[in-house]
Amino acid sequence: MSEALALIVDDEVQIRRFLRAGLELDGFLVEEAENGTEALKLATLKAADIVILDLGLPDMDGSEVLERLRGWSTVPVIVLSVRSNETEKVRLLENGADDYVVKPFGMAELLARAHAALRRYARASAGEPVVKIGPLAIDLAARIVTVEGARIMLTPKEYRLLQILAQHAGNVVTHQFLLKEIWGSPHLHDTHYLRIFVRKIRQKIETNPTQPRMLLTELGVGYRLVAPEPANSVPA
Amino acid sequence: MVGVTTLIVYGLTLSLEIRRGSAVYLLPVLLAGWHLGLVPALVAAVAGVLWSGYFFFSPYYSFFVVQPNEIVNLTLFMVVAVVTSHLANSMKQQTELARKREKEMGNLYAFSRRLAVASSAADIYHAIAEHLANLVQRKVVLFGAGALATQGGASEQALLSERVRAAIAEIEAGRSPASTVEDGAGDVWFVRRVSEKTADFGVIAIGSVPAENVEEVRQRVDEVLADAAATLERLDVARVLNDARMRSETELLREALIGSVSHELRTPLASILGAATVLSKSPGIAADERLTSLASVVRDESERLNNDIQNLLDATRVSRKQITPRQEWIEPQDIVNSALERRRRRLASHKVALDMETNLPLIYVDAVLVEQAFVQVVDNAAKYSPAGSAIILGAKRNSRHVVLSVRDAGAGLTAEENGHIYERFFRGERHAATTPGSGLGLWIAQAFVHANGGKIEAVSAGADCGTMVEIHLPFAATQPEVAPDE
């Protein structure tokens, strides 16, 4: 994971300073941009591995930067958002952001999101088939799910739901994305489908389904399967 | 009257030597015609003929008249009297009609002036009710029109019979524009919408309409309401435009304020908090426990400040009534778990236990608002109970509600305090000096819970006996379903 290049896009110099320090301490190389134009230029020139994008930029809206970036790049983007605006978070996630953290945030939270996003891209390119989260192992190639080594049976839609979350492990997946992928566009607003299916999945994978440790709810946004332990990780 | 006239005339003839006093008898005819109508006038005319024949035509003091010219005279008198009485009568009717018209015109004029200067729908409703009551001399009750009408309060509505209320409801629901209904006590009510076009402007009910002139009353009411409805429509448009302009102005101001507050205060906070977390993990500081604890002081305090800012912003939203819940189906436990996750650091020094039933019904609420309310309650529990004591977060159901609860073993509430805790800026006297706070938390929590159709309740055995706060949220008896997996 080391030597990954993170591009910080924020107009506040103090935020950039602590982000740089935190990311460098974690082994990242860091580039900074203080506005959207510069961000788009640097993203092209420097081939960033991950973009930390603030939404309030002086020259253009963060969402516009995201949109333009997504025109040609699949680089992971973590959005720095403000609280109490779930609609905006969902919109950004739908428009290609990989995750968000809410200001003010602790460095550990941002690093967890960033690593999860980076791992997803790495996994996708390396074709790594198994996602392991604590006792849970999801073999995306063999379509087998085990808890503590014991195979558990899921219905096709339950598996599909878990599969999508596993593919995004560590990052949030919106209700709309899940509903569209599993039930199709007509059911975009039937969040109760998800509630019912997630309840069933939790009963199968969680030790205590009322206090889930792996399949977490992000209120108003979606679901998150907690970050898997990377093969070569040192506990934080 | 004819007798009185005769006496006067007789007196006159004696003193003034007037002959042919018969013309004087036209006077009672005229008076009777004017005041009493056609028939009394004719009676007066006949009586006049008889009496003048008796008194003034030879032979005097006899009803016989012998001289031909006097017969002609009396016949002429008769004709003149009949015509006069008729004229008098019809003139009186004309005058009365003119007076009535004048009064109506006056009323109508006053009414249209009131409409023209009406600046609120309430003014218009008042004007309509008064004017119609005046015009048809009937009891008039106005209903509905949402928040617009101030007429027809609950007390007035309660006086109406079941049938009339049913008719009103029928029309309010837009199933028909007007109807006539008998209220069961022999009273006929005419009910119609204020505006022909829409039920938005409310419904008017006019009581004690005589069955034989329902049509007439209907016609007059229609005329009056046509004007009024037009004004209402005009005013309503104006009101909507005005509201929109006002809203957009205050909205802009609010956005600007909230934007600047959150940006100006939060940006440095984000830097402080972020920097503190980086510091606490940096090699030099992480090795020294005293330094890491300092770093976490910086973090905790900036988080507290951030919450205070959030409370201020939420308070603005509450007082501006700008809470619009975005409801969705949610697992009640998800709300508790999310709040616990958010407050994990804050609760680190307490013994937190979870007591949640399994398979709770899904609830249809704005999960984010409810979680924020729950977090407020959790914050209070953490704030007003000693470190090391237990805090129990619960979720259970009763017959109609899902109940989320926070129980602590802290300062508790006196009965007096419990009566005030939901008031804005209320701080218990016992804590005002020792525990920082704004007195906004529960007020905000209550507003958020109410916005979701729920209620919030605090139970405490008294000071220092701990507190249990419950958030009750209704659940639907029919739970949403999903097609079984193929």
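Throughout, residues of each chain are indexed from 1 in the direction in which the sequence is written. Think of it this way: whatever chain is written first is A, whatever ligand is written first is 1, and the rest follow in order. Given that this is a predicted model, residues contribute local features only at a pLDDT of at least 70 and side-chain atom pairs are listed and counted only at 80 or more, while totals for whole chains, interfaces and linings are drawn from all residues.

A. Representation of the overall build of chain B in the model. Under the DSSP-based scheme used, a helix requires at least four consecutive residues in state H or I and a strand at least two consecutive residues in state E, with every element numbered from the N terminus. From N to C terminus, chain B includes 15 helices and 11 strands. Counting over 486 residues, chain B shows a buried share of 35%. In this description, a residue-residue contact is defined by the distance between C-beta atoms placed from the backbone, which must lie within 7 Å. Counting only contacts in chain B whose residues sit at least 6 apart along the sequence, the fraction spanning at least 24 positions is 65%. Three exposure classes are used. Buried residues have 20 or more other C-beta atoms within 10 Å of their own C-beta, exposed residues have 12 or fewer, and partly exposed residues fall in between, all C-beta atoms being placed from the backbone.

B. Looking closely at the overall build of chain A. Along chain A, the regular secondary structure elements total 8 helices and 12 strands. Of all 236 residues assigned to chain A, the portion counted as buried reaches 45%.

C. How the structure looks around the interface of chain A and chain B. If you look at the interface, chain A gives 34 residues, while chain B gives 36 residues. If you list the elements that add at least two residues to the side of chain A that touches chain B, you get α1 (13-25), α5 (107-126), α6 (156-167) and α8 (191-205) of chain A. Here the side of chain A that touches chain B gets 7 residues from one element, more than from any other, and that element is α1 of chain A. Each residue is assigned to one class: nonpolar for Ala, Val, Leu, Ile, Met, Phe, Trp, Tyr, Cys and Pro, charged for Asp, Glu, Lys and Arg, and polar for all the others, Gly among them. A class-by-class count of the residues in the side of chain A that touches chain B yields 16 nonpolar, 10 polar and 8 charged.

D. A look at the sheet that holds strand β12 (residues 222-225) of chain A. Residue and element names in this part refer to chain A. Taken in spatial order, the 3 strands of this open sheet run β10-β12-β11, and their pairing is antiparallel. Sheet topology places β10 (172-174) and β11 (215-218) at the edges, where each strand pairs with a single neighbour. Direction aside, neighbouring strands of the sheet carry axes that sit 30 degrees apart on average. In terms of strand pairing, β11 meets β12 through 4 bridges, oriented antiparallel. Paired with glutamate 218 across the strands is glycine 222, a residue of β12. In this description, strands pair whenever DSSP reports at least two bridges between them. An axis is simply a line fitted to the C-alpha atoms; with a helix, the fit covers only the stretch in contact. Between two such axes, the angle follows the N-to-C directions and lies from 0 to 180 degrees.

E. Helix α3 (residues 62-70) of chain A, seen in detail. Residues and elements named next belong to chain A. Considered for burial, the residues of α3 that qualify are Gly62, Val65, Leu66 and Leu69. Across the axial projection of α3, the buried residues extend over an arc of 100 degrees, all falling on one side. Buried-residue contacts for α3 involve β1 (5-9), α2 (36-46), β3 (50-54), β4 (77-82) and α4 (86-94). Within this analysis, the arc is defined by the directions that extend from the helix axis to the C-beta atoms.

F. Expanded view of unusual backbone geometry. With an omega of -10 degrees, the peptide bond between lysine 103 of chain A and proline 104 of chain A qualifies as cis. By secondary structure assignment, the location of proline 104 of chain A is in the loop between β5 (99-103) and α5. In this structure, arginine 143 of chain A takes a positive phi of about 55 degrees despite not being glycine. Here arginine 143 of chain A is to be found in the loop between β7 (136-139) and β8 (144-147). Positive phi values are uncommon outside glycine, yet aspartate 464 of chain B reaches one of about 60 degrees. With respect to the helices and strands, aspartate 464 of chain B occurs in the loop between β10 (455-459) and β11 (467-474).

G. Focus on the nonpolar core. Throughout this description, the term nonpolar core refers to a group of buried Ala, Val, Leu, Ile, Met, Phe, Trp, Tyr and Cys residues whose C-beta atoms join them within 7 Å. In terms of nonpolar packing, the biggest core is built from 116 residues, with Val9, Val51, Ile52 and Ile78 of chain A together with Val370 and Phe374 of chain B touching the most fellow members. Element by element, the count of residues in this core is highest for helix α12 (residues 367-383) of chain B, at 11 residues. Once residues lying within four places of it in the same chain are set aside, the contact partners of isoleucine 52 of chain A are Ala6, Ile8, Val9, Leu19, Ile78 and Leu80 of chain A. Core analysis: the second largest hydrophobic core is formed by 34 residues, Leu115, Leu135, Ile206 and Ala228 of chain B among them.

H. Quick look at helix α2 (residues 26-35) of chain B. All names here are of chain B. Residues Leu26, Pro28, Val29, Ala32 and Gly33 constitute the buried set of α2. What you see down the axis of α2 is that its buried residues fit within an arc of 165 degrees, all on one side. Immediately beyond the C-terminal end of α2, within one or two residues, lies glycine 37, with a positive phi of roughly 110 degrees.

I. Layout of the pairing of strand β9 (residues 401-408) of chain B. All names here are of chain B. Judged by how many residues are buried, β9 sits mostly within the fold: 6 of 8 residues are covered. Pairing of strand β8 (residues 390-397) with β9 involves 7 bridges; the strand directions are antiparallel. Within β9, the residue paired with arginine 397 across the bridge is valine 402. Between the antiparallel neighbours β8 and β9 lie 3 residues. Both β9 and β11 contribute to a ladder of 8 bridges, which runs antiparallel. Bridge pairing links valine 406 to valine 469 in β11.

J. Looking closely at the confidence of the model for chain B. All names here are of chain B. What pLDDT reports is the predictor's confidence in each residue, on a scale of 0 through 100. Mean pLDDT over chain B: 80, with 84% of residues reaching 70 or higher. The low-confidence segment residues 146-154, where pLDDT is below 50, has 18 contacts with residues more than four positions distant or belonging to other chains. ipTM for the predicted complex: 0.90, alongside a pTM of 0.64.

K. Structural context of the packing of helix α7 (residues 175-182) of chain A against α8 of chain A. Residue and element names in this part refer to chain A. α8 packs onto α7 with a crossing angle of 85 degrees between their chain directions and a minimal axis gap of 9 Å. Looking at the two axes, α7 sits roughly perpendicular to α8. Across the interface between the two elements, His175, Leu178 and Leu179 from α7 touch Thr191, Tyr193 and Leu194 from α8. Of the residues in the contact of α7 with α8, the class split is 4 nonpolar, 2 polar and no charged. These descriptions rest on fixed angle ranges, namely under 35 degrees for roughly parallel, over 145 for roughly antiparallel, 65 to 115 for roughly perpendicular, and the rest for oblique.

L. Spotlight on the sheet that holds strand β6 (residues 130-133) of chain A. Residues and elements named next belong to chain A. Pairing in this open sheet of 4 strands is antiparallel, and the strands run β6-β7-β8-β9 from one edge to the other. The sheet is open, and its two edges are formed by β6 and β9 (150-151), each paired on a single side. Sheet topology note: the β7/β8 ladder contains 4 bridges and is antiparallel. By the bridge assignment for β8, aspartate 139 is matched with isoleucine 144.

M. Up close: the packing of helix α11 (residues 332-342) of chain B against α12 of chain B. Residues and elements named next belong to chain B. Packing of α11 against α12 leaves a shortest axis separation of 9 Å and a crossing angle of 55 degrees. Looking at the two axes, α11 sits oblique to α12. When the axes of α11 and α12 are compared, the crossing they make is right-handed. Facing Asp334, Ile335, Val336, Ser338, Ala339 and Arg342 of α11, the residues of α12 in contact are Ala367, Val370, Glu371, Phe374, Val375 and Val378. Looking at side-chain class alone, the contact of α11 with α12 contains 8 nonpolar, 1 polar and 3 charged residues. Should the near helix be turned anticlockwise from the far one by less than a right angle, the crossing is left-handed, and should it be turned clockwise, the crossing is right-handed.

N. Up close: the environment of glutamate 357 of chain B. Residue and element names in this part refer to chain B. Take glutamate 357: it is sitting in the loop between β6 (351-356) and β7 (363-365). For glutamate 357, a count of 14 C-beta atoms within 10 Å puts it in the partly exposed group. C-alpha separation for the pair glutamate 357 and glutamine 333, spaced 24 residues apart in sequence, amounts to 8.6 Å. Those residues in contact with glutamate 357 that sit more than four places away from it in its chain are Ala395, Lys396 and Arg397.

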